[in-house]
Amino acid sequence: MSIEHIEVPANAPAGDTRDAAPDIRRRIARAVGDVRGRTPLAQSFTNFVTINLVANAQLAAGGTAAMSFLPDDIIDTAAISGADYINVGTLLPFYKDALPQVARAFHTASHPWVLDPVAAGIGATRTAILTSFKRWPPTIVRGNASEIIALDAMWGLGDADTASRPAGVESVDAVDSAVAAALRLARFMAAHNGIGKAAVAVSGAVDLVTDGEDVYRLPGGSAMMTKITGAGCSLGGVTAVYLAVADPLTAALASTALYNRAGEIAERHSAGPGSFQTALLDALWNLTAEQVAESEILRD
Ligand SMILES: Nc1ncnc2c1ncn2[C@@H]1O[C@H](COP(=O)(O)OP(=O)(O)O)[C@@H](O)[C@H]1O
Ligand SMILES: Cc1ncsc1CCOP(=O)(O)O
Ligand SMILES: [Mg+2]
């Protein structure tokens, strides 16, 4: 099947009638192919729980990984890193100074970066760090619905009273309840991140991606992705790999589609969480650019 002639799948969710434009699919295919051809570096400042899966997923998608927690290290390496990834899953006291320093340096250099606001809404230190990013906003935010709603409230864009308290790193909100927050965040980031474009990706059973204008829904994946730790974190790391070669909307759509397809393949080739994680990495490696671009992508 050519990527120019994608039919809306028969099992498209009710109400979703518009397939993504062929141009979007071409951009996704190009991004996946460019990553495989150019092996771009996407540096990460990420949590201790899933750091190894993040690096392995970035390599499996075709990128290059480098992890660091030192601002001078990260700021120096940003010169050769196509995009960076910051994930606030596990925090140490010094991060309260280190992370705003890094975000400010990225902003000064107009360096693209992805934020995963893991557990947004929990703890004064995490809130201080995430609030500081409003001054130096990321290019892409990728999180689950509760994290997106919490970040929107923290930045004073949405209604703080309606933000729920996340269950640790897990979402307590449906993706649909984060649509307005995702749109507000994407518009704010595009206006203030110095790059002029932004995207927000909300993960869940049906993922949502927006650039602040259009809203895309990407069904698929596997419920087993919630039975390993780091599916979301590694998706963020792979999003940074794609951001090294593509615009924010394309990068967010490409990584989300890649993960949905990889999750489905991994579920078919595994017998439980252990083999699922291995099969997920294998699928990230083996999926072709065309297979990723042919994914079900519906525009609201
Ligand atoms: N119920 C589900 N069915 C299918 N895929 C899912 C489901 N829940 C999450 N995913 C997928 O798992 C990956 C991580 O998403 P999620 O679990 O929401 O992130 P996080 O781990 O940050 O909470 C995404 O690729 C998402 O599409
Ligand atoms: C379990 C855990 N605790 C702090 S960070 C983390 C990993 C979260 O990973 P993900 O958000 O990808 O499920
Ligand atoms: Mg997460």
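Quick caveat, the model's predicted, so the values are computed rather than measured.

A.B. asks: Please explain the side chain of Thr250 as it appears in this structure.
C.D. replies: Here Thr250 shows up in helix H9 (residues 248-268). Residue classification places Thr250 among the buried positions, given a relative accessible area of 3%. Side chain to side chain, Thr250 and Asp247 meet in a polar contact 2.6 Å long. In this view, Thr250 contacts Arg27, Ile28 and Ala31; residues no more than four positions away in its chain are not counted.

A.B. asks: Looking at this structure, how should I read the site of ligand 1?
C.D. replies: Taken together, 18 residues surround ligand 1, and among them Arg142, Asn144, Ser203, Asp207 and Ser222 come closest. Measuring from an oxygen atom of ligand 1, one finds a side-chain N or O atom of Asn144 at 3.0 Å. Residue Gly220 places a main-chain N or O atom 3.5 Å away from a nitrogen atom belonging to ligand 1. Burial of ligand 1 by the surrounding chains reaches 83%, relative to a free accessible area of 540 Å². For the shell around ligand 1, the secondary structure elements donating two or more residues are strand S6 (140-144), helix H8 (231-243) and H9. Looking at the shell around ligand 1, the element that brings in the most residues is H8, giving 3 residues.

What counts and how
Each chain has its residues counted from 1, following the order in which its sequence is written. Written order decides the labels, with chains lettered from A and ligands numbered from 1. A pLDDT threshold of at least 70 governs which residues receive local features in this predicted model, and a stricter bar of 80 or more applies before side-chain atom pairs are shown or counted, although totals over entire chains, interfaces and linings include all residues. Side-chain measures were taken over the full set of non-hydrogen atoms in the model, leaving aside hydrogen atoms and water. Strands here are runs of E lasting at least two residues and helices are runs of H or I lasting at least four, both read from the DSSP assignment and numbered beginning at the N terminus. Each residue gets one of three labels from its accessible area relative to the maximum for its type: buried under 20%, exposed over 50%, partly exposed in between, using a 1.4 Å probe on protein chains only. The definition of a polar contact used here is a pair of N or O atoms within 3.5 Å, where within protein one atom must be able to donate a hydrogen and the other to accept one, and adjacent residues in sequence count solely through side-chain atom pairs. Contacts were defined at the residue level, with two residues in contact if any of their heavy atoms lie within 4.5 Å. Consider each residue's heavy atoms; a residue with any of them within 4 Å of a molecule or strand counts as near. Surface exposure here means Shrake-Rupley accessible area, sampled with a 1.4 Å probe, where a residue is shielded only by the protein chains that are shown.

Scope: geometric values only; no functional claims are made or implied.
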